[in-house]
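In case you want the letters, here they are:
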Amino acid sequence: MTVLVVGGAGYIGSHFAKCLAQSGQVPVVLDNLCSGRADAVKYGPLVVGDAGDAEALRETFRAHRIDAVVHFASHIQVGESVTDPAKYYANNVVETLRLLDVMREAGITRFVFSSTAAVYGLPQSTPIAETHPQQPINPYGRSKLIIEQILQDYAHAYGLRHASLRYFNAAGADPDGELGECHDPETHLIPLVLQAASGRREAITVYGDDYATRDGTCERDYVHVTDLAEAHRAALDYLAGGGECGAFNLGTGTGYTVSEVIRAAERITAKHIAVKQAARREGDPGRLIADPSKAQSAFGWKARFSDLDTLLRHAWRWERTLCGERAATNPTNGLVTP
């Protein structure tokens, strides 16, 4: 099987391309490199272009005889989606709709979509199952839910076989140390904590310490990026085997608080991590935990690397790799001076 990996130069897409290649299948990466990195494309050819460029898609489908498409090419900054919703609807919705139409024209009927737990909005209960009401509270979450709804309509009208995978908190790095997280700006907790440990950041800011959790800080369900990659591959197999279309949570069912992540990172790195306390951020739920049983049952998938220590060990190795790259090009190493 040859799979078009849209957004395959990004964090999760690059790990998925590796997973696909290791399973004996052929990834072809399409990415406009607006946030992805060409040097992250280590498996399969890279086609530089937009997800909604109809002519580039037609040529790629013809040249590589694409069998299925997996879509990762979304803008993901929640705050930015509030201040610039047009950017998010143009890329996350309009570009994806164009991709689906060229797929339909080419007769490609299998599609796996990188969705998000943000489609649920503020949780009414935890753990969150797929039947939880979908009431997103920002344009990012709404853009993902719109595509999920379009996929349902395309399945009914055109026979599209689809799976929408709702991530909770992606984290970690390639167990082999080959790939990792390189967002700019970085907003995810674990890389921010590890940047504070390495000296690339002065401190980690903790937003709120009065939530109804074990220690008052927010609790999240972290899932290793390689486990996410394996879930996408399993979803393709599931669709190929006639599995029912729908949405599936990807998480572990276990949560860790912000303070627990920081303490574990100090233990793993043997570094002191400075903490700054700040007020709660609007819209941050206290607990966000997945019920992943549907994906586990349908795909035969279960997270293998998502315990907190393994996540942190892999992410810390990647952070040290990034520090080494910066040291090679900048004598100050980009580190904070004590």
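Parameters and conventions
- Residues numbered from 1 in each chain as written.
- Predicted model: local features only at pLDDT ≥ 70, side-chain atom pairs only at ≥ 80, totals over all residues.
- Heavy atoms only, no water.
- Buried < 20%, exposed > 50% of the residue type's maximum accessible area, 1.4 Å probe, protein only.
- Helix = DSSP H or I, 4+ residues; strand = E, 2+ residues; numbered from the N terminus.
- Pairing = 2+ DSSP bridges.
- Right-handed = clockwise from strand over helix to strand, strands pointing away.
- Core = buried A, V, L, I, M, F, W, Y, C linked by side-chain atoms within 4.5 Å.
- Contact = heavy atoms within 4.5 Å.
- Phe/Tyr/Trp six-rings, centres within 6.5 Å; stacked < 30°, edge-to-face > 60°.
- Lys NZ or Arg CZ within 6 Å of the ring centre and 35° of its normal.
- Axes fitted to C-alpha atoms, helices over the stretch in contact; angles between N-to-C directions.

Asker: Please clarify how the pairing of strand β5 (residues 110–116) should be interpreted in this entry.
Answerer: The side chains of a regular strand alternate between the sheet's two faces. Buried residues dominate β5, accounting for seven of its seven residues. What you see with β5 is no split at all: Arg110, Val112, Ser114 and Thr116 on one side and Phe111, Phe113 and Ser115 on the other are buried throughout. Relative to β5, strand β4 (residues 68–71) is paired through three bridges, and the arrangement is parallel. Bridge pairing links Val69 to Phe111 in β5. In this structure, β5 lies alongside strand β6 (residues 161–167), joined through seven bridges in parallel fashion. Counterpart to Phe111 in the pairing with β6 is His162. After leaving β5, the chain enters helix α5 (residues 139–158) and then returns to the sheet as β6, a path that is right-handed.

Asker: Please explain the nonpolar core as it appears in this structure.
Answerer: Most often, soluble globular proteins keep nonpolar side chains buried together rather than apart. Counting 34 residues, the largest nonpolar core has Ile12, Phe16, Leu165, Leu236, Leu250 and Phe299 as the members making the most contacts within it. Of all the secondary-structure elements, those providing two or more residues to this core are β1 (2–6), α1 (11–22), β4, β6, α7 (225–240), β11 (246–250) and α9 (293–299). At nine residues, the largest contribution of residues to this core is made by α7. Beyond its immediate sequence surroundings of up to four residues, Phe299 is in contact with Leu165, Ala231, Ala234, Ala235, Tyr238 and Phe248.

Asker: Explanation requested: the sheet that holds strand β9 (residues 219–220) in the structure shown.
Answerer: Backbone-to-backbone hydrogen bonds pair the strands of a sheet. The strands run either parallel or antiparallel. The sheet built from three strands is open, its strands ordered β12-β9-β14 with mixed pairing. Edge positions in the sheet fall to β12 (256–257) and β14 (287–288), since each has one partner strand and no second.

Asker: Would you explain helix α6 (residues 189–198) in this entry?
Answerer: Owing to its 3.6 residues per turn, the α-helix brings residues three or four apart onto one side. A large share of α6 lies buried, amounting to 10 of its 10 residues. Where α6 is concerned, the buried positions are Leu189, Ile190, Pro191, Leu192, Val193, Leu194, Gln195, Ala196, Ala197 and Ser198.

Asker: Would you mind going over unusual backbone geometry with me for this structure?
Answerer: Leaving glycine aside, a negative phi is the common case for residues, and trans is the common case for peptide bonds. Here the bond from Thr126 into Pro127 is cis, since omega is -5°, no more than 30 degrees from zero. Position of Pro127 relative to the elements: it lies in the loop between β5 and α5. Cis peptide bonds are those with omega within 30 degrees of zero, and the linkage from Asp184 to Pro185 qualifies with 5°. Its location among the elements puts Pro185 in the loop between β7 (169–171) and α6. The backbone of Leu33 shows a phi angle near 65°, a positive value even though the residue is not glycine. Tracing the backbone through its elements, the reader meets Leu33 in the loop between β2 (26–31) and β3 (46–48). A positive phi angle, close to 50°, is found at Arg65, a residue other than glycine. Take Arg65: it is sitting in the loop between α2 (54–64) and β4. Arg65 gets classed as exposed once you look at its relative accessible area, which sits at 69%.

Asker: Explain the packing of aromatic side chains to me, please; I cannot follow it from the model alone.
Answerer: Remark: the centre distance and the inter-plane angle together describe each pair of aromatic rings, the angle taken between the planes. A full pass over the atoms with the stated rule returns seven aromatic pairs. An angle of 45° between the planes, with centres 5.6 Å apart, marks the rings of Phe16 and Phe72 as tilted. With Phe16 in helix α1 and Phe72 in the loop between β4 and α3 (78–83), this residue pair connects regions lying 56 residues apart in the sequence. You can call Phe16 buried: its relative accessible area is 0%. Given a relative accessible area of 11%, Phe72 falls into the buried group. Ring geometry for Tyr120 versus Phe168: centroids 6.5 Å apart, planes at 40°, classification tilted. With a gap of 48 residues between them, Tyr120 in the loop between β5 and α5 and Phe168 in the loop between β6 and β7 connect regions that are remote in the sequence. On the accessibility criterion, Phe168 (9% relative accessible area) is buried. Grouped by ring-pair contacts, the aromatic residues Tyr238, Phe248 and Phe299 constitute a single cluster. The ring of Tyr158 carries the charged tip of Arg104 above its face, separated from the ring centre by 4.0 Å.

Asker: For this particular structure, what's the right way to read the sheet that holds β3?
Answerer: Overall, parallel pairing links the seven strands, which are arranged β3-β2-β1-β4-β5-β6-β11 in an open sheet. This sheet does not close on itself; its edge strands, each paired only once, are β3 and β11. This sheet shows a mean twist of 20° between the axes of neighbouring strands, independent of strand direction. In the sheet, β6 pairs with β11 via five bridges, with the strands oriented parallel. Counterpart to Ala163 in the pairing with β11 is Gly246. Packed on one face of the sheet, helix α4 (residues 85–106) meets β1, β4 and β5 and runs near 165° to β5.

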